[in-house]
Amino acid sequence: MNSMILVAAGRGERFGAGRNKLLEEIGGRPLIEYTLYHVMQSLFLDEIILVTDPAEREAFAASVRRVDGRIPVRYADGGAARMDSVANGLSALSPSSETVLIHDGARPLVDGAAIDRLIRELESGTQAALYCVPCIDTIKCTDSSGFVCRTPDRSRLMRAQTPQGAQTRLFRACMKKVREKGMHVTDDASVCEVCGVPVKCLEGKEAYFKVTVPEDRERLLRAAEGDIPPFRVGQGYDIHRLAEGRPLILGGVRIAERGGLDGHSDADVLVHAVMDALLGAAGCPDIGHYFPDTDDRYLNISSLELLGQVREIIRKEGYAVGNIDSTVIAEAPKLAPYIANMKENLAGALHISSGQINIKATTNETLGAVGRREGIAALASALLYRRRS
């Protein structure tokens, strides 16, 4: 069995978030979800132990559910220091674990192929290994007064990255020895090094950077844009039966006091089609998922209010509205006098300009249920784009 200890219990004070940086939203989703998404691409990992502060456990569990990967995730408590967290993760491994990788939760772009390459290296007989990149800058050593005292040969210097891995039984033994003797180590590979275990360097990538300071937020967004399409398209459709005793509301405009549409909310068929188009473009469930007709909170509610909530949903997914094109299909009444107001209402709910919205009206040429004036239908298409922040 191949295992990973994913360390996510740090505070990330240099990032300046005021809380665990892994729960900070970057591009509409918590940082940890980028890491989980890429880790879940591994073909060889069998289990993940996610090490978190117990008080933050549910927030991390929510991210795990959203990523919904094939690799089972269990949890361990974070410790006072990184080595304590790793030791807790080690205790939570399956008894059948043969190789273990330790990975920083804040290295979001290490993909499944890199993880599998390290696992294959360990399965081939290498006792311990890690990813490294060469030092491209000249390194200076200074004395206590801040003066240069030595310039080491940078050709032999490497910068350590994660994941770092070892044979599980070997790593357990080394960790026990290091902790019993109170040895100081700065990373997981050092646990093996100080015990005399040879550690192999595999060639890493600059893309495997660790999100550490505020500037790394934009760096991640630029790098992630290659994986996430910048534009998304969605479509929506809705139809409601006519109900004589209800007001007719379309696009948030109260067109008539009678001859409206039947529904749990105000039955604004145009707004409902637009909502589904937006949710579909963002890859989210439909409006019935978010606003079920069994929930009294939405009884007779204005659909424009629900549209405002949809705006927040797509914002959290990292998207903004490019444009919306829609069509209302009804035999009556004539809607041309109301379309300008409808556009303003939708634009206001979505915090965009009315020029980004198009609303057309047509009949069904007396065909079908709509043609027999039994109901009104609406179609909508939406274009979303990735927000940069």
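What counts, and at which threshold
Residues numbered from 1 in each chain as written. Predicted model: local features only at pLDDT ≥ 70, side-chain atom pairs only at ≥ 80, totals over all residues. Heavy atoms only, no water. Helix = DSSP H or I, 4+ residues; strand = E, 2+ residues; numbered from the N terminus. Rg over C-alpha atoms; globule rule 2.2 N^0.38 Å. Buried < 20%, exposed > 50% of the residue type's maximum accessible area, 1.4 Å probe, protein only. Contact = heavy atoms within 4.5 Å. Salt bridge = Lys/Arg side-chain N within 4 Å of Asp/Glu carboxyl O. Pairing = 2+ DSSP bridges. Axes fitted to C-alpha atoms, helices over the stretch in contact; angles between N-to-C directions. Core = buried A, V, L, I, M, F, W, Y, C linked by side-chain atoms within 4.5 Å. Right-handed = clockwise from strand over helix to strand, strands pointing away. Phe/Tyr/Trp six-rings, centres within 6.5 Å; stacked < 30°, edge-to-face > 60°. Lys NZ or Arg CZ within 6 Å of the ring centre and 35° of its normal. Expected span 1.5 Å × (residues − 1). Arc of directions from axis to C-beta.

Draft legend 1. Expanded view of the overall build of the protein. Helix and strand counts for the protein stand at 12 helices and 18 strands. For a compact globule of 389 residues, the expected C-alpha radius of gyration is about 21 Å, and the protein comes in at 28 Å, more than 25% above that figure. Here the C-alpha coordinates of the protein stretch approximately 85 × 50 × 35 Å along the principal axes. A burial count over the protein gives 50% of its 389 residues as buried. Partitioning the contacts of the protein with sequence separation of at least 6, the portion at a separation of at least 24 is 73%.

Draft legend 2. Just the pattern of salt bridges, in detail. According to the stated counting rule, one finds 19 salt bridges in the structure shown. One salt bridge connects Glu-33 with Arg-66, and the closest N-O pair in it is separated by 2.6 Å. You can see Glu-33 sitting in helix α1 (residues 31-39) and its partner Arg-66 sitting in helix α2 (residues 57-67), a full 33 residues away along the chain. Classification of Glu-33 by relative accessible area gives buried; the value is 6%. When the shortest N-O distance is used, the salt bridge between Asp-77 and Arg-57 registers 2.8 Å. With Asp-77 in strand β5 (residues 73-77) and Arg-57 in helix α2, the pair connects residues that are 20 residues apart, well separated along the chain. For Arg-57, a relative accessible area of 21% corresponds to the partly exposed category.

Draft legend 3. Fine view of the sheet that holds strand β4 (residues 47-52). Taking strand neighbours across the sheet as the criterion, the 7 strands line up as β5-β4-β1-β6-β10-β7-β11 in an open arrangement whose pairing is mixed. The two strands at the open ends of the sheet, each matched to only one other strand, are β5 and β11 (199-203). The mean angle between the axes of side-by-side strands here comes to 25°, regardless of whether they run parallel or antiparallel. Pairing geometry for strand β1 (residues 2-7) and β4, over 5 bridges, is parallel. Along β4, the bridge assignment pairs Met-4 with Ile-48.

Draft legend 4. Region of the structure containing the nonpolar core. Counting residues in hydrophobic clusters, the biggest one holds 48 residues, and the most contacted among them are Leu-250, Val-274, Met-275, Leu-278, Leu-307, Met-342 and Leu-384. The set of elements that each furnish at least two residues to this core consists of β13 (248-250), β14 (253-256), α8 (269-281), α10 (303-316), β16 (319-329), α11 (339-350), β17 (357-362) and β18 (375-386). Of the residues forming this core, the biggest block, 10 residues, is contributed by α8. Grouped together as the second largest cluster of nonpolar side chains are 37 residues, Ile-26, Val-64, Val-110 and Leu-202 included.

Draft legend 5. Highlighting the pairing of β17. As paired strands, β16 and β17 are joined by 6 bridges and run parallel to one another. Bridge assignment links Ile-329 to a residue of β17, and that residue is Thr-362. Tracing the backbone out of β16, into α11 and back to the parallel element β17 gives a crossover that is right-handed.

Draft legend 6. Expanded view of the packing of aromatic side chains. Evaluated as defined, the whole model comprises 3 aromatic pairs. Each ring, one from Tyr-290 and one from Phe-291, has its centre 6.2 Å from the other, and the planes form 45°; the classification is tilted. The partly exposed category is assigned to Tyr-290, whose relative accessible area is 23%. Centre to centre, the rings of Phe-291 and Tyr-298 are 5.3 Å apart; their planes meet at 80°, and the pair counts as edge-to-face. Note on accessibility: Phe-291 and Tyr-298 belong to one class, buried. Connected via pairs of aromatic rings, a cluster forms that spans Tyr-290, Phe-291 and Tyr-298. A cation sits over an aromatic face here: Arg-219 above Phe-209, 3.9 Å from the ring centre.

Draft legend 7. Broad picture of the sheet that holds β18. Overall, mixed pairing links the 5 strands, which are arranged β15-β12-β18-β16-β17 in an open sheet. Edge positions in the open sheet fall to β15 (260-261) and β17, since each of these has one partner strand only. The pairing of β16 with β18 spans 10 bridges and is antiparallel. Residue Asn-323 lies in a different strand from β18, and its bridge partner there is Leu-383. α8 contacts β12 (231-243), β15, β16, β17 and β18 of the sheet and is inclined by roughly 155° relative to β12. Along the sheet, α11 makes contact with β16 and β17, crossing β17 at roughly 140°.

Draft legend 8. α11, seen in detail. For α11, built from 12 residues, the straight-helix expectation of 16 Å at 1.5 Å per residue is met to within 8% by its first-to-last C-alpha distance of 17 Å. Among all positions in α11, only Ile-339, Met-342, Leu-346, Ala-347, Ala-349 and Leu-350 are buried. Within α11, the buried residues cover an arc of 165° as seen down the axis, which keeps them to one side. Looking at the packing, one finds that the buried side of α11 touches β13, β14, α8, α10, β16 and β17. Remark: His-351 follows α11 within two positions and exhibits a positive phi of approximately 60°.

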